[in-house]
Amino acid sequence: MQSILSIATDLSWPFAITLAWVVGEFGHRWTGLPRISFYGVIGFILAQSQVGVLPQTDAGPMLVLADVAFGLILFEVGYRINLRWLKNNPWIAVTGVVESLFTFIVVYFIGIEFGVTSMTALLLASLSMSTSPATIMRVINEERSSGQVTERIVHLTALNCVLAVFTFNIIVGFWMFQSSTDLIEATSSSAAVLAASVAAGTVFGIIVPAMLRRLGNMAQDATVAFALSVMLLVALTYTTSLSPLLATLTFGLVARHRRVAFSQAQRNFGPLGELLTVLLFVYAASTLEWSSVTAGATLALAIIGGRLLTKVIGVAAFSHVSGISWRKGMLTGTALTPISVFIILLLEHARQQGVNFGDELNALAAVTLMLELLGPVLVQRVLMLAKETHEIKER
């Protein structure tokens, strides 16, 4: 009997990933909704089942694989960032900073209004600044969208993530200060990790393109080289306790500006990226617990409403000066709603470093579940309304 249970445990993740892929394909075909929404549903349902279909998700290997999957997505996000465009149109960067800070302030006061501690409100506010690159890039690639709204969503998502990572780590530094009583050590440690993560991504962004240029015309093989480099970079950040999220985003950003072609045919890193994306969303949803979701549901609804309002207003306010209409500004702000996977991985890494928030952030579990399911649909509808999806352009 024990051997049967052991075999079932070993097969649980492959079974879950396969089931999620099958449901995603059929669900997308029947409803037209994004596949990743179905991946999240399967991951959450299997994790809540009383028979324990999925083992505990604290196991290291699944988190490493999720980080590799997310690293590939962050690399692609970084690779699509056009610094020259931001230089020529600085209002886009201003938009990202203002709407992120606006979101931080509003969510902080929402948390205080609901009676949470100041530190918990700060953590909620810092994480709420972010937008999920995994959801954004997956839907954009699935819909093969392109245009002003699409590019602004990608650039603002990257800015949101960078600001969220920096703010979150600084606040975690203060959280650690409460127990260590050494403020300088706590904050300098967080700053050093962030700086070293950026440095590691920069080094990879310089070395890998240089190697590709040295080897000659590798347009068709560049995707493999970048994928292997992302895996190596994630492994390195684990060994040195750095941030794989910030390192891989920096890697993509620097690699783009080293002038190495990354074929558009290899969006989402081809079949490898497709497989790891399924794993990522199943894993992310499986970390959520129903008790935490229900406990934080009311605050979660308030946070979701506050984030949506601030992001729409923050982006729309600068739409004309940045070169787009009010309508497209509002659509862009709406598309910044997804938040799920980014938060989960940030919290998992904080937990690995010994920072356990316990039940302090129950609201985030509810926010994550709701936006795991609804976020992709919102992004898809925004791209359709902006008339930037492949099917609409062909009509």
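Heads up: the structure comes first, above all this text.
Residues numbered from 1 in each chain as written. Predicted model: local features only at pLDDT ≥ 70, side-chain atom pairs only at ≥ 80, totals over all residues. Heavy atoms only, no water.

Colleague: Is there a simple way to think about the overall build of the protein in this case?
Modeller: Along the protein, the regular secondary structure elements total 19 helices and zero strands. If you sum the accessible surface of the protein, you get close to 17100 Å²; carbon and sulfur atoms cover 66% of it. (Helix = DSSP H or I, 4+ residues; strand = E, 2+ residues; numbered from the N terminus. Areas by Shrake-Rupley, 256 points an atom, 1.4 Å probe, with all protein chains shown as cover.)

Colleague: How do you make sense of the pattern of salt bridges when you look at a structure like this?
Modeller: Pairing between side chains of opposite charge can happen when their charged atoms approach one another. Enumeration over the complete set of coordinates arrives at five salt bridges. Here R35 makes a salt bridge to E25, at a shortest N to O gap of 2.9 Å. Here E25 lies in helix α1 (residues 2-31) and R35 lies in helix α2 (residues 35-48), a separation of 10 residues in the sequence. Assessed through its relative accessible area of 16%, R35 is described here as buried. (Salt bridge = Lys/Arg side-chain N within 4 Å of Asp/Glu carboxyl O. Buried < 20%, exposed > 50% of the residue type's maximum accessible area, 1.4 Å probe, protein only.)

Colleague: Help me out: how do you make sense of the environment of W13 in this one?
Modeller: With respect to the helices and strands, the residue W13 is situated in helix α1. When its relative accessible area of 9% is taken as the criterion, W13 is described as buried. C-alpha separation for the pair W13 and M62, spaced 49 residues apart in sequence, amounts to 9.0 Å.

Colleague: Help me understand a nonpolar patch on the surface in this model?
Modeller: Residues W21, V22, F26 and W30 make up a contiguous nonpolar surface patch of roughly 480 Å² in combined accessible area. We classify W30 as exposed; its relative accessible area is 67%. (Patch = residues over 30% accessible without salt bridge, like charges linked within 9 Å, V, L, I, M, F, W, Y side chains within 5 Å.)

Colleague: I'm lost on the environment of H390 in this one. Help?
Modeller: With respect to the helices and strands, the residue H390 is situated in helix α19 (residues 390-394). For the pair formed by H390 and E142, sequence separation is 248 residues and the distance between their alpha carbons is 9.4 Å. Among all residues touching H390, those that are not within four sequence positions of it are E143 and R144. (Contact = heavy atoms within 4.5 Å.)

Colleague: Hey, could you run me through unusual backbone geometry in this one?
Modeller: Across the chain, the bulk of peptide bonds are trans and the bulk of non-glycine residues have phi less than zero. In this structure, R144 takes a positive phi of about 50° despite not being glycine. Inspection of the secondary structure assignment puts R144 in the loop between α7 (133-143) and α8 (148-180). Residue K387 is not a glycine yet carries a positive backbone phi of 60°. Along the chain, K387 turns up in the loop between α18 (362-385) and α19. Residue classification places K387 among the exposed positions, given a relative accessible area of 59%.

Colleague: What is the right way to read the nonpolar core from this model?
Modeller: As a rule of thumb, nonpolar side chains are buried together in soluble globular proteins. Counting 110 residues, the largest nonpolar core has F70, F226, F251, L280 and L345 as the members making the most contacts within it. Tallying contributions element by element places helix α3 (residues 60-80) first for this core, with 12 residues. Residues in contact with F251, not counting those within four places in the same chain, are F75, G201, F204, G205, V208, F226, S229, V230 and L233. (Core = buried A, V, L, I, M, F, W, Y, C linked by side-chain atoms within 4.5 Å.)

Colleague: I tried to follow α2 on my own but got confused; where do I start?
Modeller: Since the α-helix packs 3.6 residues into each turn, any two residues three or four apart lie on the same face. Across its 14 residues, α2 extends 21 Å between first and last C-alpha, which sits within 8% of the 20 Å expected from 1.5 Å per residue. By the burial criterion, the buried members of α2 are R35, I36, S37, F38, Y39, G40, I42, G43, F44 and L46. (Expected span 1.5 Å × (residues − 1).)

Colleague: How should I be thinking about the packing of α7 against α18 in this particular structure?
Modeller: For any two helices packed against each other, the geometry is given by the interaxial angle and the distance between the axes. Close contact between α7 and α18 brings their axes to 9 Å; oriented N to C, the two are set at 45°. As the angle between them shows, α7 and α18 are arranged oblique. Considering only the axes of α7 and α18, their crossing is right-handed. When α7 is examined against α18, the residues T135, I136, V139, I140 and E143 are found in contact with a partner set consisting of G375, P376, V379, Q380, L383 and M384. For the contact of α7 with α18, the per-class residue count stands at seven nonpolar, three polar and one charged. (Axes fitted to C-alpha atoms, helices over the stretch in contact; angles between N-to-C directions. Parallel < 35°, antiparallel > 145°, perpendicular 65-115°, else oblique. Left-handed = near helix turned anticlockwise from the far one by under 90°. Nonpolar A, V, L, I, M, F, W, Y, C, P; charged D, E, K, R; others polar.)

Colleague: Explanation requested: helix α11 (residues 244-256) in the structure shown.
Modeller: The first and last C-alpha atoms of α11 sit 18 Å apart over 13 residues, in line with the 18 Å expected at 1.5 Å per residue. Of all 13 residues making up α11, 11 are buried, and the element is well covered by its neighbours. Here α11 has its buried residues at P244, L245, L246, A247, T248, L249, T250, F251, G252, V254 and A255.

Colleague: It is not clear to me how the side chain of R152 should be interpreted in this structure. Could you clarify?
Modeller: Within the secondary structure layout, R152 lies in helix α8. Of the side chains with opposite charge, E388 lies nearest to the buried R152, which makes no salt bridge, at 7.9 Å. What R152 contacts, discounting residues up to four positions off in sequence, is W85, N89, I92, S322, G323, I324 and T332. (Lys, Arg positive; Asp, Glu negative; His and termini not counted.)

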